[in-house]
Amino acid sequence: MPGFFYRTKSQLNGAPIIIACVETKSVANTKTGSMAQIYILPDVGPGITAQQAWDDGESYAAVCGDCKHRTHNTCYVLRFRGSSSVLAAVYRGKSYKEVSPDNFALRLGNFDEVRFGADGDPAAIPEEHFQWMTFFANKRTGYTHQWKHAKFEYLKATVMASCDTVDEYYQARQAGWRPFRIRTKDEPLLDGEYVCPASAEAGHRLKCQTCLTCDGADPDRPRAASPAIIVHASQKKFGLLRLQLANT
């Protein structure tokens, strides 16, 4: 898995982070397809895996901020796989080339589709860098849990608001975001929602790379329908998260 990367400071807390692009043209993810994958990872140094950094509890604040799935340990990302492999490859310095932020953005134009946030939140990327990236990566998907913070409203037109409850869905809609909602298997779709066509419940009718509707809110169609997916992490953990949120 060759790729390229650059180092910068997180917009979330100022800590050092690594932005890495995995060139996956020949590697097909069963859900996303062969999209180029952008990983946003804490720059913790060699010898520490992404999984160990996650378990540490604080290192991932640089790339996930106050996301509830970090603080409640309910995130679906399997960091002992892709994230740890990418971080180790960056530190080995063989298959990953270090580039400038401008060159990173320019290189994204070589890919047909780009997925922002295979790990980490696009809000961690410096705003100017992210704007250049989305300029060149004109076919892309992305999600943020930072949509409640006014300083990240510029993401509204390019990424989805990750929502974990019905209340969050309506809050995001009211604020002009397009939500991508996680639901339990017994929860119905809400008005303005449709089943994610890349999901198991939709029979994997499309892959993300062919659907590409998770690309933010079109200013000309701010009320456009949005996808929802049945949680593909632990149903029990997600249920406990819902219960904890309801009691806070």
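Reading the values: rules and limits
- Residues numbered from 1 in each chain as written.
- Predicted model: local features only at pLDDT ≥ 70, side-chain atom pairs only at ≥ 80, totals over all residues.
- Heavy atoms only, no water.
- Salt bridge = Lys/Arg side-chain N within 4 Å of Asp/Glu carboxyl O.
- Helix = DSSP H or I, 4+ residues; strand = E, 2+ residues; numbered from the N terminus.
- Buried < 20%, exposed > 50% of the residue type's maximum accessible area, 1.4 Å probe, protein only.
- Phe/Tyr/Trp six-rings, centres within 6.5 Å; stacked < 30°, edge-to-face > 60°.
- Lys NZ or Arg CZ within 6 Å of the ring centre and 35° of its normal.
- Disulfide = S-S within 2.5 Å.
- Pairing = 2+ DSSP bridges.
- Right-handed = clockwise from strand over helix to strand, strands pointing away.

### Description of the pattern of salt bridges
Considering all chains together, one arrives at nine salt bridges under this definition. A salt bridge links Asp164 to Lys68; the nearest nitrogen and oxygen atoms lie 2.9 Å apart. Taken together, the positions of Asp164 in the loop between β7 (160-163) and α7 (166-174) and Lys68 in helix α3 (residues 68-71) put the pair 96 residues apart, joining distant regions of the chain. On the basis of relative accessibility, which here comes to 13%, the residue Lys68 falls in the buried class. Between Glu168 and Lys68 there is a salt bridge, and its shortest N-O distance comes to 3.0 Å. Placement of Glu168 in helix α7 and of Lys68 in helix α3 is noted, with a sequence separation of 100 residues between them.

### Points about the packing of aromatic side chains
This structure, assessed with the given rule, holds eleven aromatic pairs. Taken together, a centroid distance of 5.8 Å and an interplanar angle of 80° make the contact between Trp132 and Phe135 edge-to-face. Residue Trp132 and its partner Phe135 are both found in helix α6 (residues 127-136); the two are separated by three residues, about one turn of the helix. Seen in terms of ring centroids, Tyr169 and Tyr170 are 5.0 Å apart; in terms of plane orientation they differ by 80°. Their pairing is edge-to-face. Under the relative-accessibility criterion, Tyr169 is labelled buried at 1%. A connected cluster of aromatic rings, assembled from ring pairs, spans Phe4, Tyr6, Phe104 and Phe111. Here the guanidinium or amino end of Arg79 rests over the ring plane of Trp54, the centre of that ring lying 3.8 Å away. Sitting above the plane of the Tyr60 ring, Arg79 keeps its charged end 4.7 Å from the centroid.

### Some thoughts on the state of the cysteines
Linking two cysteines covalently via their sulfur atoms produces the bond known as a disulfide. Per the stated rule, a full pass over the model turns up zero disulfides. Cys67 takes part in no disulfide bond, and the closest cysteine sulfur to it belongs to Cys64, at a distance of 6.1 Å. In this structure Cys211 is a free cysteine whose sulfur lies 6.3 Å from that of Cys214, the closest cysteine sulfur available.

### Some points on the pairing of strand β8 (residues 179-183)
With five of its five residues buried, β8 lies for the most part within the structure. Neither face of β8 is left uncovered, since the one carrying Pro179, Arg181 and Arg183 and the one carrying Phe180 and Ile182 both have all their residues buried. Sheet analysis places β7 next to β8, joined by three bridges and oriented parallel. Of the residues in β8, the one forming a bridge with Ala161 is Pro179. For the segment spanning β7, α7 and β8, crossover handedness is right-handed. Where β8 lies against strand β10 (residues 226-230), three bridges are found, and the strand directions are parallel.

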